[in-house]
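# Survey of secondary and tertiary structure
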Amino acid sequence: MLGHRELIMEDYAGILKRRFWLILASGVLFLGVGIGVAYVVPPQYLSQTLVLIEQQKVPENYVKPVVNEDLGQRLASMKEQILSRSRVEPIIERFNLFAGNGRTMDDRVDLTRKAISVAPIRSEQSRGGMPGFFISFKAQDAHTAQQVCGEITSLFVSENLTAREQSAEGTTDFLKQQLADSKSNLDEQDAKLAAFQRKYLGKLPEQAPSNASTLQALTTQLDAASQSLNRIQQSVTFLEAMISQQTQGAQGTEPATGIPVDEGRKQLKGLIAQKQELQALYTPDYPDLVAISRKIADLQTEIARVPAEQAAGAVPEKGKDSLQLQQLKAQLHAAQQSMTAAKQEQSRIEQQVRVYESRIESSPMVEQEYKQITRDHETALQFYNNLLAKMNESSMATALEHRQEGEQFRVMDAPNLPEEPTFPNRFVFAGGGLAAGLFLALLLAALLEYRDTTLRNERDIWAFTKLPTLGIISQLEGLPKPVKAKKREKPSLQIGKPIEKAG
């Protein structure tokens, strides 16, 4: 009747008292089963080792590592390589792992892979977040677990060294090939640049300021040479007039125009002085300069018509020149030589001026082509220098790996020899069996109590009849037992006796 009303602690105590032996028997039975299973199941021994990751001994400021891949990814890649069939199968054959029970090699390989565990150690303080990792292996024999764990650890250490060396060597070889190609391209650009500089020597953009300053200096020199030539020409003209006067007329003889010789000379000197002043200010095409040049020529012609005699009035001997005339001729000859040299100098300077003017005029076109060539050359040079720096860094990193001074896996703790199996845990199995027995016993007791229709107290009577109890009669020993009715009737109000539930 307990299933038809709310239970209290007294009811639970009664149930426990009535079903004590059932609960005890079930708990003891399942406890024994758990202990038996713990001894029947094959034991599993776990051997574990700790591998620390040591960073390279040389600071990265001096030698940058070639391998920059994330350590977790590299560890996962190494794990897959080590757990490959070609690596695992020799270990299985060497230690005869998971043999028997008709297992094929594929089954044994799968079991071996499942028995291997790699657990990284995460740390926020460590660079890269992984200072090391644990390697563990499970086997049915403790010594086998230790030996296989050591073998797998050796594979990880050697695989790390080999992978880093191969990566560094591959990077160095690749950079060497790229550097050779870049050097060939740079040589080609150097040849193009040298040919261009030879072709346009003096017309290069960086020579433009020098050309401009040189042209300015040459222009100044040309002006000076022109002025010097004009002065020499005036001197020649004056000397020629003097010589003509000395040879054609005597001093004091008047020309055809009636102008005295001395006055003609004074006029000639004045006109020459005016011409020099005008030449310093204007070009030869200036009208006043042209007019005064014409007057000088006419006056020289008139003076030349006067018979030449000595200035002092002495008549030279026939066939001989006077001393003054000889001096004038010598001065004229020197002046003519100076004028020839001045003309040559003027011509040379004019030629140089034309050359530099041509260079300056062609400078924009040359500069455009020069920019394209220098741009290609600078790009090739920069690429070559970058590759050279990277190749040097890679060579140092490769040497570092060969000397085993780069990043390494160091076994901190050798694989341990397990003293107790990690599975099965007999205490866990025993506790589990006991818990299962107790749970099953309680479940069975609850089911039996639910199906039990015995009225044991007033609460049962009230829950069944909804009527109050008038009195309670204690159970008397020795009374005859009631005869069971053949037909189902409404249950009586006997206390402590089971009754039949009405149909």
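This is a predicted model, so every value here is computed, not measured.

## Side note on the nonpolar core
- Leu-97, Phe-133, Phe-137, Ile-152 and Phe-156 are the most contacted members of the largest nonpolar core, which totals 29 residues.
- Of all the secondary-structure elements, those providing two or more residues to this core are β1 (45-54), α3 (71-82), α4 (85-95), α5 (105-115), β2 (116-121), β3 (132-139) and α6 (142-199).
- Residue contributions to this core peak at six residues, all from α6.
- Counting twelve residues, the second-largest nonpolar core is a separate cluster that includes Leu-229, Ile-232, Met-242 and Leu-328.

## A short note on the packing of aromatic side chains
- Applying the stated criterion across every chain, the model contains four aromatic pairs.
- With 5.4 Å between their ring centres and 75° between their planes, Phe-20 and Trp-21 make a pair best called edge-to-face.
- Residue Phe-20 is classed as partly exposed on the basis of its relative accessible area of 41%.
- Ring centres 5.2 Å apart and planes at 75° place the aromatic pair Phe-133 and Phe-409 in the edge-to-face group. With a gap of 276 residues between them, Phe-133 in strand β3 and Phe-409 in strand β4 (residues 408-413) connect regions that are remote in the sequence. Across the pair, exposure class does not vary: Phe-133 and Phe-409 are buried alike.
- Taken together, the ring pairs connect Phe-133, Phe-156 and Phe-409 into an aromatic cluster.

## Brief notes about unusual backbone geometry
- Even without a glycine there, the phi angle at Asn-96 is positive, about 50°.
- The topology assignment puts Asn-96 in the loop between α4 and α5.
- The backbone of Phe-98 sits at a positive phi, close to 50°, despite the residue not being glycine.
- Considering the arrangement of structural elements, one finds Phe-98 in the loop between α4 and α5.
- Relative accessible area serves as the criterion here: at 18%, Phe-98 is assigned to the buried category.

## A few points about the environment of Ala-191
- Here Ala-191 is to be found in helix α6.
- By relative accessible area, which is 46% here, Ala-191 ends up partly exposed.
- Sequence-wise, Ala-191 and His-377 are 186 residues apart; in three dimensions their C-alpha atoms are separated by 9.8 Å.

Analysis parameters
Residues numbered from 1 in each chain as written. Predicted model: local features only at pLDDT ≥ 70, side-chain atom pairs only at ≥ 80, totals over all residues. Heavy atoms only, no water. Core = buried A, V, L, I, M, F, W, Y, C linked by side-chain atoms within 4.5 Å. Buried < 20%, exposed > 50% of the residue type's maximum accessible area, 1.4 Å probe, protein only. Helix = DSSP H or I, 4+ residues; strand = E, 2+ residues; numbered from the N terminus. Phe/Tyr/Trp six-rings, centres within 6.5 Å; stacked < 30°, edge-to-face > 60°.

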